[in-house]
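One-letter residues, chain by chain:
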Amino acid sequence: MELQPGREAVVRVAVATLWTAPEAVRPVDCPAVAADADIPAWISGLDTDQQVGDCVLSQLLLGERVLVTELRPDGWAHVVAVEQPAAKLDPRGYPGWLPADQLVPADAATTGPTDAPLVVDATVSALRAAPDGPVVLPGVVIGTRLAAAGPARDGWRPVHTTGHTDPLWLPAAHLAEVAATPPSAEDVLAVAQRLLHVVYIWGGVSAHGIDCSGLVHLAWRRFGVRLPRDADDQAAATTPLPLGAERPGDLYFFARPGRKIHHIGIVTAEPHDDDRRMLHACYRQRRVLEEPLPAERTATLVGAHRV
């Protein structure tokens, strides 16, 4: 079974990176575009300037669906990431390029419609061939959807995994059931707080490296809530609040005069006078941090919203 334009495919690596164009890939990006993408190795090889190169658009997690729109003879696929809304770019989802060998046709996915949906709740985990056996797929991150392949055994759970015929295993404690009801803002904030100190990567959407809107997208994704990928679209998809009414777990948005929204953070404390705190993936300090809003950040604060 082969990939075909106009049909869906599924990501088979732990984290796949979506690029602006195949030609935008740099020599330092080789680990990220390999058939078995190694995102930690890729990130460890980037310098601070390369961490914010605009060649990266977004990232996709194991099992994430895409619509294939073009296949090139050199092994690249143009796709639309249908689970990452991006209304201004494509009503179907977030468009970009990735290596075709990081995908499998959706018809070849091994999950069944009756399998219990699970989500990875560990910040980073690894899928193994057997309970406590050899690692088959390292670097699987929080928010990844999997399907149960049977009951837990000795603290391990078998799961169906895209691209693998036989079930793989990970610690049962690393999994949670997908909730049927929306999460509380406090629950989402608690997930985001577990990503403190993760390195800032432009376009990142994983516990290996992340950007400001990726942090918000991933924290809500952990609970099955599909927010848009980019900050300005996230603002359009959420409910504005009067400044001063925000509570922990709400969102702050930032824009320069006459410009579109360029930054987002998660409220971590009730405001007192003009003192506000947030958790965010900080471009300037190249990591996820929690801090009071400095004066220059407050000057570009344009609103608080609630999901």
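Higher on the page you've got the structure.
Residues numbered from 1 in each chain as written. Predicted model: local features only at pLDDT ≥ 70, side-chain atom pairs only at ≥ 80, totals over all residues. Heavy atoms only, no water.

Draft legend 1. Summary view of the environment of A180. Position of A180 relative to the elements: it lies in the loop between β14 (175-177) and α3 (185-193). Judged by relative accessible area, A180 falls into the exposed class, the value being 85%. Put simply, A180 and G224 are 44 residues apart on the chain and 8.7 Å apart in space, counted from C-alpha to C-alpha. (Helix = DSSP H or I, 4+ residues; strand = E, 2+ residues; numbered from the N terminus. Buried < 20%, exposed > 50% of the residue type's maximum accessible area, 1.4 Å probe, protein only.)

Draft legend 2. Structural detail: the side chain of D29. Looking at where D29 falls in the secondary structure, it is placed in the loop between β2 (15-19) and α1 (30-33). The class for D29 is buried, based on a relative accessible area of 0%. Aside from chain neighbours lying at most four places away, what touches D29 is W19, A24, W42, L46 and C55. (Contact = heavy atoms within 4.5 Å.)

Draft legend 3. Geometry of the environment of L293. Here L293 is to be found in the loop between β21 (287-292) and α6 (295-298). C-alpha of L293 to C-alpha of R229: the two residues are 64 residues apart in sequence and 23 Å apart in space.

Draft legend 4. Structural context of the pattern of salt bridges. With the rule as written, the count across this model stands at 21 salt bridges. E64 is the partner of R221 in a salt bridge, and the nearest nitrogen-oxygen pair spans 2.4 Å. Remark: E64 occurs in the loop between β3 (56-61) and β4 (65-71) and R221 occurs in helix α4 (residues 212-221); sequence separation between them is 157 residues. Each member of the pair, R221 together with E64, is buried. (Salt bridge = Lys/Arg side-chain N within 4 Å of Asp/Glu carboxyl O.)

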